[in-house]
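# Working through the structure, step by step
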Amino acid sequence: MIQGALEASNVQAVSEVTRLIDIQQAYQHALNLISSEDDLKKEMLSRIGQTS
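Predicted model only: the values in this text are computed from it and were never measured.

Turning our attention to the overall build of the protein. When helices and strands are tallied, the protein shows one helix and zero strands. For the protein, the C-alpha radius of gyration of 24 Å lies well beyond 10 Å, the compact-globule estimate for 52 residues. Seen along its three principal axes, the alpha-carbon backbone of the protein occupies a region of about 80 × 15 × 10 Å. Looking at the protein residue by residue over its 52 residues, the buried ones come to 0%. As displayed, the protein has an accessible area near 5,300 Å², and 59% of this comes from carbon and sulfur atoms.

This is the structure we're talking about:
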């Protein structure tokens, strides 16, 4: 150990931020897909209810 030396980080900040953005975008796309599917189901049930 060297007195006064700084420890180097083992994390690549730019790479991790980019990865986090990619994960967030994938999560948002998944939420949009689920929401669209939910809307389709609601529309289907509404139409079924109208024809009965």
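Moving on from the model shown.
On the secondary structure map, Arg-47 appears in helix H1 (residues 13-51). For the pair Arg-47 and Ser-15, spaced 32 residues apart in the sequence, the C-alpha separation amounts to 48 Å.

Turning our attention to the pattern of salt bridges. Enumeration according to the criterion identifies four salt bridges in this entry. One salt bridge connects Lys-41 with Glu-37, and the closest N-O pair in it is separated by 3.5 Å. Of this pair, Lys-41 and Glu-37 both sit in helix H1, four residues apart, which is roughly one turn of that helix. What makes Lys-41 partly exposed here is its relative accessible area of 44%. The residue Asp-38 makes a salt bridge to Lys-42 at a minimum N-O spacing of 3.6 Å. Of this pair, Asp-38 and Lys-42 are both found in helix H1, four residues apart, which corresponds to roughly one turn of the helix. Asp-38 gets classed as partly exposed once you look at its relative accessible area, which sits at 38%. Lys-42 gets classed as exposed once you look at its relative accessible area, which sits at 51%.

Turning our eyes to something else, we now look at a nonpolar patch on the surface. Residues Met-44, Leu-45 and Ile-48 make up a contiguous nonpolar surface patch of about 300 Å² in total accessible area. Among the secondary structure elements, Met-44 is positioned in helix H1. The class for Met-44 is partly exposed, based on a relative accessible area of 45%.

Reading the values: the criteria
- Numbering of residues begins from 1 in every chain and follows the order in which that chain's sequence is written.
- Owing to the predicted nature of the model, reporting of local features is limited to residues with pLDDT of at least 70; listing and counting of side-chain atom pairs is limited to 80 or more, with chain, interface and lining totals taken over all residues.
- Think of the side-chain values as coming from all heavy atoms in the structure, minus any hydrogens and water.
- Secondary structure elements are taken from DSSP: a helix is a run of H or I of four residues or more, a strand is a run of E of two residues or more, and numbering for both begins at the N terminus.
- Every radius of gyration here is taken over C-alpha atoms, with the globule rule written as 2.2 Å times N^0.38, N being the number of residues.
- Summary of the burial criterion: residues with accessible area below 20% of their type's maximum are buried, those above 50% are exposed, and those between are partly exposed, where the area comes from a 1.4 Å probe applied to protein chains only.
- Calculation of accessible area relied on Shrake-Rupley with a 1.4 Å probe; when residues are assessed, cover is drawn exclusively from the protein chains displayed.
- A carboxyl oxygen of Asp or Glu within 4 Å of a side-chain nitrogen of Lys or Arg is what we treat as a salt bridge.
- For patches, a residue must show more than 30% relative accessible area and have no salt bridge; joins then use 9 Å for like charges and 5 Å for nonpolar side chains, namely Val, Leu, Ile, Met, Phe, Trp and Tyr.

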